[in-house]
Every structure is written in C-alpha cells, then in structure tokens.
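Report on the structure
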Amino acid sequence: MWKPLKLTSWIAVAAIAWTIGYIYNARYGGELSWLRMMYEDKIALAEEKVEAPRRLLITGGSGAHYTINSELMSEKLGIPVLNLGIDGPVGLNVILPSIIGQVRPGDIVLLIPEYLILWSEDGLGDRSAQFGVAIGRPGLGGVPPKQLAQDTLLLGTATLRGVTKSTIDVIQKGQMTGYYSDGVNAYGDPAPEDDKRRTGEWWELPINKPITKHALKRIEQFRQEVEAKGGTLVLSLPWVYARTDEKSVENVEKTAEELAKIAPLIYDPESLNMKTNSDLFADTHYHLTPKSRTIRSRELVKQLREIPELDFRNEQ
Amino acid sequence: MNFSDFSFWWILLLYAIPFFAIRYVGKSLKLWRDELDTIGLAVMSLMLFLNASRSSFAIFIVEIVFNYFMVRLMLRRRGNGAKLIAAIVIITDIAILAYLKYLTFFAEDVVGIVVPGFKNNWEQGFPLPIFQQIPPGVSFYTFQMVAFVVDSLRPKYKKPIAFLDYINFIAFFPQIVAGPIERRADLLPQIQSFRFKFTAENFELGLRWLSLGFFMKLVLADNIAPYINLQETANPWIVWFFAYLFTLRIYFDFAGYSFMALGVARILGVKLTVNFLAPYTSVSIQEFWRRWHITLNNWFRDYVFLPLMGSKKQLAAFFLFITFTLSGFWHGAAWNFIIWGAYHGALLLLLRYTGRPFQRWMGAGKVSRFQFISWALTFGSVTLGCLFFMDTNILRLLSKLRTIVTPWAYSLSNLGEFLSSYSLNEGTVLIVTLLLANAVLFMEHLAVWQKRKFEYELLLLPWVSRVLLGLTILFAANQPSEFIYFEF
C-alpha cells in the first residue's frame, strides 16, 4: 500500500470511532444526549410561549428542574411559567448564557442555584465543555481551550460502561434510557411519571463554604444581561436536605446576604431553606418528590407575590 | 510521562507546533543546523518532565548535573581513581533514592518497630523535608544513571559525551518516568545521532505500539481497576478473584505504558527496548522473569546479582534470592514488596531444584499436558504473588492468606455471595472486559504456539492495530486510573 495512504487509514479509523462515540454521547444514547434533548425541548417551549407579555422563567441546575410544579405556579400567578432548569455540573458559566437568549421584555427570571454551583471557583462543572459542544455552542461560558480540547476529544468515547448499560436497556426496555430521558411536560417540568427515589442511606449535606466571588460576579453579570433584555432577575436559595450546624447555617446566611445585594432574594428566613426532613426529597439532597414540589411551588408563589417590584397584586 | 493524562499531549502539542513550524522555515531557508534537533528534544523532554512533577524535576536537575560532571571527571581518570569517582556517584544516587523513597519506611516500619514511640515522633526532629510519596521517575532514572556510570567504566567508553546528549539520554521523555530503563549501548548512540525522523514507517510502527498500549491501559487496565477492592478478606473466592483481576490489571497497566513509550519514541525515530514479552504465556517462573519488566530484571542481573556473586558460583542460589528480594524492595517501601520479591526468589529456587524431577514425573512424552500444567502453575504462582504485591497493609494481607488456606472457607454460600455481588450492569461490564483481556492474552499465546518471530506480532498486525485504536476510542474508561508503576 502507498505509505501516506496507510497513515490516512489511522485518521479514518479514529474519525469513524470518534463520530460513533459522539453520536452516542451527544445525539442519542449517552447521558449527555438526554440532557441535550431536555435542554432543546425546554428552549423550544420557551420560543413557543413568546407571545405572553410576561412570563416566569425558572432556571438553575437539576435543583431547579426537579423542584417545582410550573403548572401550579402558572395557575396561581396567572402568567406562563416555564422550567428551564438543566443540570448542576453544566456550571453557572454555561447555564446562564444558555438560557439568556430566551429572555423577553417583561419576563421574570427566577434563578435557583444549588450550592454546588455557587461554590465553583470558575463557574464551570464537569459537563460544561461537553454540553456546550453538544448544543452546538463550543466554548460557551469561557471554557479554557485545553479543557475544551480534552472534553471534546472525550465526547467521542462512549465508554464500555455506557455502551453496556445502553445495550442492557435496549434488551430489557426496548430503548436506551438515561437520567434525563423521561422528557419534560408542556411547562418544562419533569414528565409526570418521573419519580426518582433514593435507595441508599440519607445523610445531611454540610454547607461547608459560602458563595464564591466568581459566582457572585457571574450572577451580577446575569442580572445586568436580564435587565438589558427588559427582564427582572429574582434569586432563590434552594431547598436542601442539609446539616444545620453552626458552620453550615453561617455559610448559608453569608450566601443569602451576598445574593440579596444583587437581586431580590426569596427564601424562608426561619429555615434558610435548609430542610431536615429527608422525606421531602427524592433521590438527591436537592431533588424533591412530586408532593414536595407542590409545597415548594406554593411557597415560591407566596414569596414572589411579596416582592413589590414584581407587582403581582393585579394578577390572578 | 503520563500518556493517559491529556496534559502531556497538550504540552507536547503546544511545544511541537511552534517548534516544528520554526524548524520547517529554518530548513527551507537552510538556516537550520542538525544540532538544533538535539536542543529541541532536550527542551521538549524537560518541559514535559516539569509539567509531570515539579518536585521531581527539581531533584532531577540537581542529579543530572552532578552525574554528568562526575562521569566526565571519571572518564578522564583510569584505574582506582575512576572507580572511586564511580563509587561516589553511585552511592550518592542510591542515597538520594533511599532518602526520597525509603526514609519513612525505614523510620516507621523498621526503627519504629524496635524503638517505642519513635514512629510517631521522628518527623518532628528530622532536619530535611519528608516525602510521603516518591516523586515520579526517580526510581527509574536513578537506575539508568547508575547503569551509565558502571558502563562508562569500561575501557571502550573513554570518549567524553556532550552534556545535551547526556540530558537526552537520561531525560528522553517517553521513558524517563517509568522506563524502559535503557542502557548506554542501546540508547546513547541513537541519541548522539538524533534527528527528528518523521518517516511514514516510523509513524506506522509507532502508532501500532501506541494503539496496543492505549488499548491495554485505557480499555483493559482502567476498566478492571474499579472492580478491585483491597478490603475484602473473608471470602476466599473473592480474594482469589481480586488477585486475578490485579494480575491482569498490573500487566495491562505497565505493559500498556511501556508500549506507549515505545510508540512515541518510535515516531521520533528512536527504538526503545521492549520491556514485556507476553509474560503470561510463560511455562516457568524463570521464563516469566525473562518476559516481565525486562529492562529492570536485566539491570538487577548485571548490576546486583553478577557483581554480588562474583566468582562464588556455588552461592548463586543464595544471591539470586537476595537479588529478587532487593528487586521486590525496589518496587515499594513496604514489607509486602519485600515479601513479594522474596516469594519470587523462593519460587525460582524451588524450580531450580525441583523443575527437572517434576518434568520427569509428568512424563517426557506428554509435552502438551506438561506445558499446560506448567503454564497453569506459573500463572497461579504469579497470581498468588500479586496478592502480596497489591496490599501494603500487612495485617490485612495475613488475614487474606489465612482465608485462602482455610478449606471450609471455600463454601458454596461464599461462592454464592461472590457471584451475587455484582449488579447486572456491573457484572456485564466486567465480563466484557475480561473477554477482551483474555482475547489479548490468547493472541499472545497464539503467537508463541505458532512460533512467530515476535510475541506481539498478531497484536501489531496493521488491521488489528487499527481495530484496537477504534475500540480504545469507543471503550476507554472515562476516569483513567494512575499508572501503578508511577508509585514506584
């Protein structure tokens, strides 16, 4: 064989294998693919509901996605409510710009970030780079070039574990599945049948540190971006199954104090949204059971109504 | 270098793009001198080493300067003067290695056992920094430096060598951190005439080795690693199974690394020594040690065993045992490694005295049965050895040994517990990984049975290499484990 052609075959093999892996990871089959599909479904819903003069867009990680009942909130507030929460490991730097394009004049944007997101020193998480590539916006959130190159390369690796799990899924269920594969309803909330429960032991999450400077700076920037689009940013502390020792409480108080300087912050001042009853939670320290989502949504509605600048008194 | 760490490839890329662009322009304008390739290689190696470990790099710079100038001095002397300098260099190198690698072990696990209270207090009064973990590469480049000193004592090596060539000989980035431990006669001539030779043939062969190495490390070793749990001591089925998994993992991990080194070097136009030759095809422990970590074993043979034995050939068995125990101790500063070395030394002696009678007892005419039983005994012995190797906790190791020699622990309920310890997904991944691992081992066996020229001939076939590359990209574990030998 002609020697350069021999070397081309290496590139061809690598490219084919990478493409197969990419299709699995980002398009259909791997965890990231379900997250991408969920995100795109939510964005499509946001684009459909453009006509409303005023909407409530709720964003954050899965601590937003799995914690509200948007339909109930919509009924109570009298405006369209859309759950745009995605996944914490996507990171604040990527979550915020990935939804900013959907903000219209008059919109209220409610950001409910998990502490994991607020603790990040650079606003990036494990999935930041790959999520950006998967949604067709590589480098979104200022992912450093080295990280972007590495994660893009790994996007072609389906992994033996991933492929085996998907194969078993196909045999057992007739289709591939993933954490986010249940889809979303018309409000962007998890599909009704989605009721994940923790099987292992519960333990209270310690809140070991307050919000980082980077997170504050990024949320401040987000407020400016939202306002530039004619929207209003509201922040909320997440409900979390947390340890309520002195240090954790102090850190949450400090976080609340700092966030309140940026935008109206809603939370229960008694509990600081630090819950000590694990029955409220589904499978993580943030995800709520469907019943708890209703309680949480009623509380959010009440707290939103109390913000004077939102002027909800005239709404139904 | 950690070839499975993206940082390595990133630094290599960031360096290579501007360097080779300048080189290309320089060559086009006929301004590029060949010696600049040597400088380019040295800078590349040192940058990559610095990126791998700053502490190790600092120690390395001191050692390489010291060694170079001492060897230079040595080459100007003859007779006892040269030998004295050689002794000073070797003692200094080994002392640095001992300080970095064995200080804590010696203080806590040797002196600490004899002197009450010493174990907990010795660090406070110690005047030098204490390393809890050896900086990467020290064990390997120290041995290469020592070998260079000894080899340079030979009369034929009286010509001084250039500093840059010495740096490239010791610091050559594909092999500095975990070998192969190269000898002066094999590597130095290639380094002295080094020019970047990116030929299609070098690329092809280099990529084949890289492909095999990556597959062994990222697909096999890294997918096996999460299944090995050192805590299990009560169930003999599980203890044996984890020892078996570790036996596979350590081979695929270290051979994978060595083959990657071979591949990267080959792309640069340098041929490194093949460090493994299908060790699990061995039908005796002697053969196993001719196939496993070859450059280290040759080092121990030439610089420890033969000098120790000298003319006292009647004590060869004793010195062999001592050499293997020392080799075990080289692997790590813990009792389990010493036991492991001594165990293999003892096995070699056992084979030396009982091998022939065993062969006669098995029957001379039944070669295939003898071969199979010998292979099974060898592999079983190596697996048992891995039990010592894998666990630095001596009390836990003793507990495991007690368990595997307790006949009633091999109960059906324990077997059931073992078989039901995996979920469907976990079990399936493990089975697929083991199938792939054993397919690789089978291809090594096949090459040996077919008496091919080279044990990895089948695995390095052009189409097999490309399949392995594709499988690596698709099935690599997304969380690579550390290379085991980086800890040594």
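Parameters at a glance
- Here the residue numbering is sequential within each chain, running from 1 through the sequence in written order.
- Labels are handed out in written order, letters beginning with A for the chains and numbers beginning with 1 for the ligands.
- Only residues with pLDDT of 70 or above have their local features reported here, since the model is predicted, and side-chain atom pairs are shown and tallied only from 80 upward, although totals for entire chains, interfaces and linings are computed over all residues.
- Computation of side-chain values covers all heavy atoms of the structure but excludes hydrogens and water.
- Note on conventions: DSSP H or I runs of at least 4 residues are helices, E runs of at least 2 residues are strands, and numbering of each starts at the N terminus.
- Taken over C-alpha atoms, the radius of gyration is set against a globule rule of 2.2 Å times the number of residues to the power 0.38.
- When a residue's accessible area, from a 1.4 Å probe over protein chains only, is under 20% of the maximum for its type it is buried; when over 50% it is exposed; and in between it is partly exposed.
- When DSSP finds at least two bridges between two strands, those strands are taken to pair.
- In this description, a line fitted to the C-alpha atoms serves as the axis of each element, helices being fitted only across the stretch in contact, and the angle between N-to-C directions of two axes falls anywhere from 0 to 180 degrees.
- Note on angle classes: values under 35 degrees are labelled roughly parallel, values over 145 roughly antiparallel, values of 65 to 115 roughly perpendicular, and the remainder oblique.
- Any two residues whose heavy atoms approach within 4.5 Å are treated as being in contact.
- Under the grouping applied here, Gly and all other residues not named as nonpolar or charged are polar, the nonpolar ones being Ala, Val, Leu, Ile, Met, Phe, Trp, Tyr, Cys and Pro and the charged ones Asp, Glu, Lys and Arg.
- Take the residue count of a helix, subtract one, and multiply by 1.5 Å to get its expected span.
- Aromatic rings from Phe, Tyr and Trp, with only the six-membered ring used for Trp, were paired whenever their centres fell within 6.5 Å, and each pair was classed as stacked if the ring planes differed by under 30 degrees, edge-to-face if by over 60, and tilted otherwise.
- Note on criteria: charge over ring means Lys NZ or Arg CZ within 6 Å of the ring centre, with the direction from the centre no more than 35 degrees off the ring normal.
- Buried area is a sum: the accessible area each of two parts loses on coming together, probed at 1.4 Å, counted once for each and added.
- In the analysis that follows, any N or O atom pair within 3.5 Å is treated as a polar contact, provided that within protein one partner can donate a hydrogen and the other can accept it, and provided that, for residues neighboring in sequence, both atoms belong to side chains.
- When a carboxyl oxygen of Asp or Glu lies within 4 Å of a side-chain nitrogen of Lys or Arg, that pair is called a salt bridge.
- Within this analysis, patches are made of residues with over 30% relative accessible area and no salt bridge. Like charges are joined at 9 Å or less; nonpolar side chains (Val, Leu, Ile, Met, Phe, Trp, Tyr) at 5 Å or less.
- Exposure was quantified through the Shrake-Rupley algorithm and a 1.4 Å probe, taking into account, for residues, occlusion by the shown protein chains and nothing else.
- Charge counting follows a simple rule: Lys and Arg are positive, Asp and Glu are negative, and His as well as the terminal groups are ignored.
- In plain terms, the charge of a residue is placed at NZ if it is Lys, CZ if Arg, CG if Asp and CD if Glu.
- pLDDT: the predictor's confidence for each residue, scored from 0 to 100.
- Throughout this description, the term nonpolar core refers to a set of buried Ala, Val, Leu, Ile, Met, Phe, Trp, Tyr and Cys residues connected via side-chain atoms within 4.5 Å.

What about the overall build of chain B?
Looking only at helices and strands, chain B features 19 helices and zero strands. Its C-alpha atoms give chain B a radius of gyration of 24 Å, within 12% of the compact-globule value 23 Å for 488 residues. Considering only C-alpha atoms, chain B reaches an extent of 75 × 55 × 55 Å along its principal axes. For chain B, the residues scored as buried account for 54% of the 488 residues in total.

Quick word on the sheet that holds strand β4 (residues 232-236) of chain A
Residue and element names in this part refer to chain A. In spatial order, the strands read β2-β1-β3-β4-β6; together these five strands make up an open sheet with parallel pairing. The outermost strands of the open sheet, each flanked by one partner alone, are β2 (81-83) and β6 (265-266). Bridge count between β4 and β6: two bridges; the pairing is parallel. Opposite L235, over in β6, you have L265 as the bridge partner.

Remarks on the pairing of strand β3 (residues 108-112) of chain A
Residues and elements named next belong to chain A. Of all five residues in β3, five are buried, a share of seventy percent or more. Alternating positions in β3 separate into two faces, I108, L110 and I112 on one and V109 and L111 on the other, with burial throughout. As judged from the five bridges shared by strand β1 (residues 56-60) and β3, these two strands associate in the parallel manner. Note on β3: the bridge partner recorded for L57 is V109. Bridge count for β3 against β4 is four bridges, and the pairing is parallel. For L111, the partnering residue across the bridge sits in β4 and is L235.

Considering the packing of helix α10 (residues 236-267) of chain B against helix α17 (residues 412-419) of chain B
Packed helices, taken two at a time, are described by the angle between their axes plus the distance between the axes. Residue and element names in this part refer to chain B. Between α10 and α17, the shortest axis-to-axis distance is 8 Å and the interhelical angle comes to 45 degrees. Taken together, the axes of α10 and α17 lie oblique to each other. From α10, P236, W237, I238 and F241 reach across to α17, where they touch N414, L415, E417 and F418. Its residues placed into classes, the contact of α10 with α17 shows six nonpolar, one polar and one charged.

Here we look at helix α18 (residues 424-449) of chain B
If you check α18(B), its first and last C-alpha atoms are 36 Å apart, about what 26 residues at 1.5 Å a residue would give, namely 38 Å. Positive backbone phi, at 55 degrees, marks K451(B), one or two positions downstream of α18(B).

Some words on the packing of aromatic side chains
Within a pair of aromatic rings, the relevant descriptors are the distance that separates the centres and the angle that separates the planes. In total, this model carries 78 aromatic pairs over all chains according to the counting rule given. An angle of 35 degrees between the planes, with centres 6.0 Å apart, marks the rings of F198(B) and F203(B) as tilted. Judged by relative accessible area, F203(B) falls into the partly exposed class, the value being 29%. Sitting over the face of the ring of W239(A), K275(A) holds its NZ or CZ atom 4.2 Å from the ring centroid.

As for the packing of helix α2 (residues 35-52) of chain B against helix α3 (residues 54-76) of chain B
Residues and elements named next belong to chain B. With their axes 6 Å apart at the nearest point, α2 and α3 run at an angle of 135 degrees to one another. On the basis of the axis angle, α2 is oblique to α3. Together, L46, F49, L50 and A52 of α2 and R54, S56, F57, F60 and I61 of α3 make up the contact between the two elements. For the contact of α2 with α3, the per-class residue count stands at seven nonpolar, one polar and one charged.

Description of the interface of chain A and chain B
With 27 residues of chain A in contact, the opposing surface of chain B contributes 27 residues. Across the interface of chain A and chain B, roughly 2,500 Å² is buried in total on both sides, 75% from carbon and sulfur atoms. Considering only the surface of chain A that becomes buried against chain B, W10(A), L160(A) and R161(A) emerge as the three largest contributors, covering 32% of it. Counting across the chain A and chain B interface gives seven residue pairs in polar contact (both at pLDDT 80 or more). Counting only elements with at least two residues in the side of chain A that touches chain B, the list comes to α1 (3-27), α8 (145-154) and α9 (160-173) of chain A.

Quick notes on the pattern of salt bridges
Residue and element names in this part refer to chain B. Tallying each qualifying case throughout the model produces 27 salt bridges over all chains. With a shortest N-O distance of 3.8 Å, D151 and R183 are connected by a salt bridge. With D151 in helix α6 (residues 138-152) and R183 in the loop between α7 (163-171) and α8 (184-192), this residue pair connects regions lying 32 residues apart in the sequence. We classify D151 as buried; its relative accessible area is 3%. On the accessibility criterion, R183 (17% relative accessible area) is buried. Each of the salt bridges in this network shares a partner with another, and the network as a whole consists of D151, R183, R301 and D302.

Quick look at a negative patch on the surface
All names here are of chain A. A cluster of like negative charges, contributed by E246, E250, E253 and E257, occupies part of the molecular surface. Here E250 shows up in helix α11 (residues 246-260). Classification of E250 as partly exposed rests on a relative accessible area of 46%.

Examining the confidence of the model for chain B
Mean pLDDT over chain B: 87, with 96% of residues reaching 70 or higher. Per-residue pLDDT, averaged within each element of chain B, yields its smallest value for helix α5 (residues 118-125) of chain B (74) and its largest for helix α19 (residues 462-475) of chain B (95).

What to know about α7(B)
Residue and element names in this part refer to chain B. With respect to burial, α7 is a largely interior element, seven of its nine residues being buried. Restricting attention to buried positions, one finds in α7 the residues D165, Y166, I167, N168, F169, I170 and A171. Check the buried side of α7 and you find it contacts α2, α3, α6 and α8.

Digging into the nonpolar core
If you look at the biggest cluster of nonpolar residues, it comprises 150 residues, and the most contacted ones within it are F173(B), Y251(B), F252(B) and Y456(B). If one sorts the elements of this core by residue count, α10(B) sits on top with 21 residues. Beyond its immediate chain neighbours, meaning those up to four positions away, Y251(B) contacts M216(B), G256(B), F276(B), A278(B), P279(B), Y280(B), W292(B), L441(B), E444(B) and Y456(B). In this structure, I117(A), W119(A), A242(A) and L272(A) belong to the second largest nonpolar core, which totals 61 residues.

Re unusual backbone geometry
Residues and elements named next belong to chain B. One non-glycine residue with positive phi stands out, namely A278, at about 45 degrees. Residue placement: A278 occurs in the loop between α10 and α11 (285-291). By relative accessible area, which is 0% here, A278 ends up buried. One non-glycine residue, K451, lies in the positive phi region at around 55 degrees.

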